[in-house]
Amino acid sequence: MTSISPYFTNYNQFPELIQSALLVVGICLISLLFMYFYLVLKRVNRVIRTGFQAKWSMEINQLLAELLADDDLSTTQCVEKYTHKFKKLPINRKAIKLIVEAEIVRFHQQFTGKTAEILSGLYVALELEKIAYKRLRDSNWENQVHGIKILAQLNIKQAAPKLVALCDDEISTLRMEAQAAFLKLSDQAPFRFLDRAREHILDWHQLVLLEVITTAQDLAIPSFSQWLASKNDSVVILCLKLIRQYQQFEAIPNLLDLLDHANDEVRLLAIELLGQFEAYAHESELINRYKTANKNEKLAILHAIGQIESGKQLGFLQAQLVDDSYDIVIKALLAIKKHGTVGEELVKQLYETALPKNRLLIDHLSDHRLIH
Amino acid sequence: MIGYFLLALLSAIEMRNYLKKNAMVDYKTILVSPHAPGVSILAPAFNEAASIIENVHSLLSLHYNKAEVIVINDGSTDKTLANLIAHYDLEAVNFALNEQLPSKPLRGVYKSKNPVYAKLTVLDKENGGKADALNMGINISRFELILCIDADCILEHDAILKLVKPFLDSSRPVIGVGGVVHIANSCEVKNGHLVKVHLPKTFLARFQVIEYIRAFLMGRMAWSRLNGLLIISGAMGLFDKKVVIGCGGYNTQTVGEDMELVLRMRKYMHQQKKPYRLIYIPDPLCWTECPSDFSSLTRQRNRWTRGTMECLALHKNLFFNPKYGLLGLLSYPYWFFFEWLAPLIEVLGLCIFTYMAFTGIINWAFFVIIIVMVYLYTVTLTTLTILFEEFSYRKYTSGSDLLKLLGFALLEPLVYHPMVLYFGIVGNIDFYRGKKSWGMMVRKGF
C-alpha cells in the first residue's frame, strides 16, 4: 500500500497526462471489479432461478398433464375444475404466475381443437390475460410484442380492439406483430391494415403475415385485387402473393394493368401470375412486351408462356434460342419442353440440328435433377 | 483508447437492438415459407477425404427448405471425390455450365442417383485454390443467395435461417451477412454436429477464444452498426449472388479473398450509386478448429496479415476518398492504421523506448503508470466482451470455463499479444518478399 500511496498523495503535482492515466487506471479497476461482481451475481442468480423454475414448472406440468388426460369433461367443466386446482397454487406470487403463463402457452403451442380451447379458457379464468394487457401498455416495445404474441397464440379474441392502435405503430416489429395478431383475433375487417399501411412492408413482415393469413382458421378471405391500386408498392406485392396463394383468377384484368407498374417486382409478379393462371387470352400481350422488357421480365415472360402452354408461341420461343444469354436460352427451351408431347418432339428436332453448345443445354434440361 | 471505447459502446447498442428485435422471432416462418429466398451452400474441399462425408452430412441436415449444397472438389489428390461418389451414390451428369466468373476448368458435375440426396451437387475441377473453387461454385449455383463456407466448419442447425433473416428484414438492400465464428477445439462433436461446448484444453487455443469473442462481439458488431464492415469471415458468409457476380467474384490472386470480396462488393455498390447494407449478427453460428500449436498459428496469422495488406494495397484508392463515404473515410483508414500499421508502430515504439531506457531519459514512475493503464484498459475491454457473451448466448456454461476465460483475459496482453505482434511483423516482411502461399494448418480434430 505504501508503494502506491505516492500516486495518490502527489496526484496534483503530476503532469496532466499522468493524471489522466491514473484516472483511467481507477476507472478500469472499478469497472473490472464491478464486472467480476456482476458476472458472479448473474451466475448465482441464474442457478437459484433455474432451480425455482424447475420446481414449479414440474408441479404445473403435472397439473396440465392431468388436464390433458381428463377428456370426459366438457370444455367449460374442465376449465372450471382446473381453475380451482390452479388457484390452490400460490399464483398470487408474480414469479409463479409467470411460470403458469409460460407453461400454458407452451402447452397451447402443441395442441389444437378442444385442448387448445381449454388451455385458453384456463388462461382467461386465471385472469392471466391481465399480465398480457399490462404488457401491451408497457413503454418497452419488446414487452408489448411479448403481450401481443401470447394473446394471439391463445386466441384471446377480446384483445382485438386493444391492438388497433398498435397496428399503426411507428416501430416496425411491433406494428407487424400487432397486424398479425389482429388478423388472427379480429372478426371485423381484419385486413384493415392494408388500407392504412403507409410504411413499406418488409419482406420479413410479408412472410409473417402470409403465414398468419394462410394458417388462420375462420378467416374470411377477401378479394385481394381491391388493394392492387394501392400507392404502397409493398401492399401491392403482398396482395399479389395472396392472389397467387388463393388462386383469385378474377384478378386477371387488374394484373394486366400492373404490367405497366413502375415497380420492377410488381411487374415481375404480375407476369408470373398471368402465367400461373394460364391467362391464354392475354398471351399476345406478354409477347408484345417482350422486345422492350428487361432481362428479368423476359425470363418471366418466357416462363409464363411455358405455363400458358397454348402452343401458338412455339415459333417465338424457338426464335429466342439464338439469344446470347444462357438464362434466356434455358428458359426458352424449358418453355418449349412444357408444351407436352408437341414440345418434347420439337426439342428432339432441335437437338438434331442444334450447335454443340445448345445440345449440351438440351442434355442438361433432360436431366430432371438439374431442372429448376 | 477513445476509438476502442466507442467501438465497445456501438457494439453494445447493436447487440442489444438485435437481441431485442429477435428474442421472440419464430424462424420456422422462414423455414416453411415458399416465399423465402433460396440459398446455395458452397463448400470448397481440398484433400479432405477423412472428414468430407461427415461434413457434407452436416451441411445436408441444416434446417432450410430452399437450399442446395454444392461441394467443390478443388483438384484433391486424395480420395475426397472417390469417397463422395461412393457414399452418396453419385454419377456424372451433362451440365451446361454458365461461366459467369472465370475459374479453372471443370472436370465434371455429379448428382446422386438417390433422391434423398437431391439437394447435393458435387463438382470436380482442377486445383485453383479456395477463391477459384468458390467462383466455380457460384457459376453452378441456382439460388439468389450464396453461403460460402469452409467445408470443415461446423454450422449450427439454424445458421441459414438466422443469416437469411437480415436480408428480409432491412429497409435497405442487404448484400452480405456474417455470423460469429467460435472455436471448436475440445468441443464435443458427433456426426458433424456440435454436442457440447468446452473451453479448449491448450493455452494457445484459449487465447484465441478470447480473441475471437472480442473481434466478433466488439469489433464486427460495432462496424455492422456503422455499416462499415470490411470483412465477412471466409469461414461463413451469406451473400447476394447478383452483387458477387456483378463485382467479378472472388479474387484468386490474394490470400485475403474474403476481405477483398467485401471491399469490391462495397465499391461496386458505391459505383452503382445503390444503397446497401452489410450486416453481422451476434449469433454463434459457426464453429471452427483453430491452430493449437505455435507453428500453425504463425502460418495462419502470417497469411491473415498478408491478406490484409494485399487487400489494402489493391484498394488503396479508397484511402480517405470521400467518394466512397464511410468506407473511404473511416473503415479503410481504420484498417490501414489499426490493423496494418499498429504492429509496426508498436515495434517502433519499443525500439524508441529501449533507446530511451539506455540513455536514462525515462521517468520510471510515470512509465509504470502508463503501462498499468494500457494493461488494465485492455483487460477491461476484453472482460466487457466476455460480459457481452455471458449476456447474449452464454456458450460457456460451466463456471470453471468462465473463470478460465477471465483468467486468460488477464494473461492475454502479457503472453498472447507479443505473439500477435510477432506474427504481424513476420507477415509484413513476407508480404514485401512477395510470399503468396496459403500455409497449411495441421488439423488435430475437435
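A look at the overall build of chain B
Now for step 1: Secondary structure summary: chain B contains 13 helices and 12 strands in total.
Now for step 2: By the compact-globule yardstick of 22 Å for 446 residues, chain B fits well, its C-alpha radius of gyration being 22 Å.
Now for step 3: Principal-axis analysis of the C-alpha atoms gives chain B an extent of 75 × 50 × 45 Å.
Now for step 4: In chain B, buried positions account for 58% of the 446 residues.
Now for step 5: The contacts of chain B with a sequence gap of at least 6 include a subset with a gap of at least 24, amounting to 79%.
Now for step 6: As displayed, chain B offers around 17900 Å² of accessible surface, 62% of which is attributable to carbon and sulfur atoms.
Now for step 7: Across chain B, the centroid of the 46 positively charged side chains sits 5 Å from that of the 36 negatively charged ones.

A closer look at the state of the cysteines
Now for step 1: Enumeration according to the criterion identifies zero disulfides over all chains in this entry.
Now for step 2: Note on Cys148 of chain B: no disulfide assigned, nearest cysteine sulfur contributed by Cys247 of chain B at a separation of 11 Å.

Quick notes on the interface of chain B and chain A
Now for step 1: At the junction of the two partners, chain B supplies 54 residues and chain A supplies 46 residues.
Now for step 2: Both sides together, the interface formed by chain B and chain A hides about 4500 Å², and carbon and sulfur atoms give 71% of it.
Now for step 3: Three residues stand out in chain B for area buried against chain A, namely Met24, His35 and Ile369 of chain B, and they jointly supply 15% of the buried area on that side.
Now for step 4: Taken together, chain B and chain A are joined by three salt bridges.
Now for step 5: As a salt-bridge pair, Arg369 of chain A and Glu91 of chain B come within 2.8 Å of each other at their nearest N and O atoms.

Examining the environment of Tyr290 of chain A
Residue and element names in this part refer to chain A.
Now for step 1: By the secondary structure assignment, Tyr290 is in helix α15 (residues 283-290).
Now for step 2: Each C-alpha atom, one on Tyr290 and one on Asn155, is 49 Å from the other, the two residues being 135 residues apart in sequence.
Now for step 3: Once you skip the residues sitting within four places of it in the chain, Tyr290 turns out to touch Lys298, Ile301, Leu302, Phe316, Gln320 and Ile328.

Looking at the environment of Asn73 of chain B
All names here are of chain B.
Now for step 1: With respect to the element layout, Asn73 can be found in strand β2 (residues 67-74).
Now for step 2: Along the sequence, Asn73 and Glu126 sit 53 residues apart, while their C-alpha atoms lie 8.3 Å from each other.
Now for step 3: Setting aside residues up to four positions removed in sequence, Asn73 forms contacts with Ala45, Thr80, Leu81, Leu123, Asp124 and Lys125.
Now for step 4: One polar contact links Asn73 to Ser76, side chain to side chain, over a distance of 2.6 Å.

What about the packing of helix α7 (residues 141-153) of chain A against helix α9 (residues 172-185) of chain A?
Residues and elements named next belong to chain A.
Now for step 1: In contact at an axis separation of 9 Å, α7 and α9 are set at 15° when each is read in the N-to-C sense. In this view, α7 runs roughly parallel relative to α9, as classed from their interaxial angle. Judged by the twist between their axes, the crossing of α7 over α9 is left-handed. Counted together, Trp141, Gln144, Val145, Ile148, Lys149, Leu151, Ala152 and Gln153 of α7 and Thr173, Leu174, Glu177, Ala178, Ala181, Lys184 and Leu185 of α9 form the full contact between these two elements.
Now for step 2: Classifying every residue of the contact of α7 with α9 gives nine nonpolar, three polar and three charged.

Let's talk about the sheet that holds β2 of chain B
Residue and element names in this part refer to chain B.
Now for step 1: The sheet built from 10 strands is open, its strands ordered β3-β4-β5-β2-β1-β6-β11-β8-β12-β7 with mixed pairing. The open sheet has two free edges, formed respectively by β3 (90-93) and β7 (154-155), since each of these has just one partner strand.
Now for step 2: The pairing of strand β4 (residues 106-112) with strand β5 (residues 120-125) spans five bridges and is antiparallel. Across the sheet, residue Val109 finds its bridge partner in β5, namely Leu123.

Reading the values: the criteria
Numbering of residues begins from 1 in every chain and follows the order in which that chain's sequence is written. Here the convention is simple: chains get letters from A, ligands get numbers from 1, in the order in which they are written. For this predicted model, a pLDDT threshold of at least 70 governs which residues receive local features, and a threshold of 80 or more governs which side-chain atom pairs are given and counted, while totals over whole chains, interfaces and linings are taken from all residues. The side-chain quantities take in all heavy atoms of the structure and omit both hydrogens and water. In DSSP terms, a helix is any run of H or I states spanning at least four residues, a strand is any run of E spanning at least two, and both are numbered starting from the N terminus. Between the two quantities, the radius of gyration covers C-alpha atoms and the globule rule is 2.2 Å times the number of residues to the power 0.38. Here the term buried applies to any residue with accessible area under 20% of the maximum for its type, exposed to any over 50%, and partly exposed to those in between, with areas from a 1.4 Å probe on protein chains only. Only heavy atoms matter for contacts: two residues are in contact if any of them lie within 4.5 Å across the pair. Accessible surface area values rest on a Shrake-Rupley calculation with a 1.4 Å probe, where residue burial reflects the displayed protein chains alone. When charges are counted, Lys and Arg are positive and Asp and Glu negative, with His and the chain ends excluded. Taken as the charge location is NZ of Lys, CZ of Arg, CG of Asp or CD of Glu. Here, the term disulfide refers to a pair of cysteine sulfur atoms separated by no more than 2.5 Å. A 1.4 Å probe defines the accessible area here, and the buried area is the portion of it lost by two parts on being joined, summed over both. Salt-bridge detection follows one rule: a side-chain nitrogen of Lys or Arg within 4 Å of a carboxyl oxygen of Asp or Glu. Polar contacts here mean pairs of N or O atoms no more than 3.5 Å apart (in protein, one a potential hydrogen donor and the other a potential acceptor; neighbouring residues in sequence count only if both atoms are side-chain atoms). Only the contacting stretch of a helix is used when fitting its axis, a line to C-alpha atoms as for every element, and angles between N-to-C directions run 0 to 180 degrees. Working definition: roughly parallel below 35 degrees, roughly antiparallel above 145 degrees, roughly perpendicular at 65 to 115 degrees, and oblique for all remaining angles. Should the near helix be turned anticlockwise from the far one by less than a right angle, the crossing is left-handed, and should it be turned clockwise, the crossing is right-handed. Ten residue types, Ala, Val, Leu, Ile, Met, Phe, Trp, Tyr, Cys and Pro, are classed as nonpolar, four, Asp, Glu, Lys and Arg, as charged, and the remainder, Gly among them, as polar. Pairing between strands requires that DSSP locate at least two bridges from one strand to the other.

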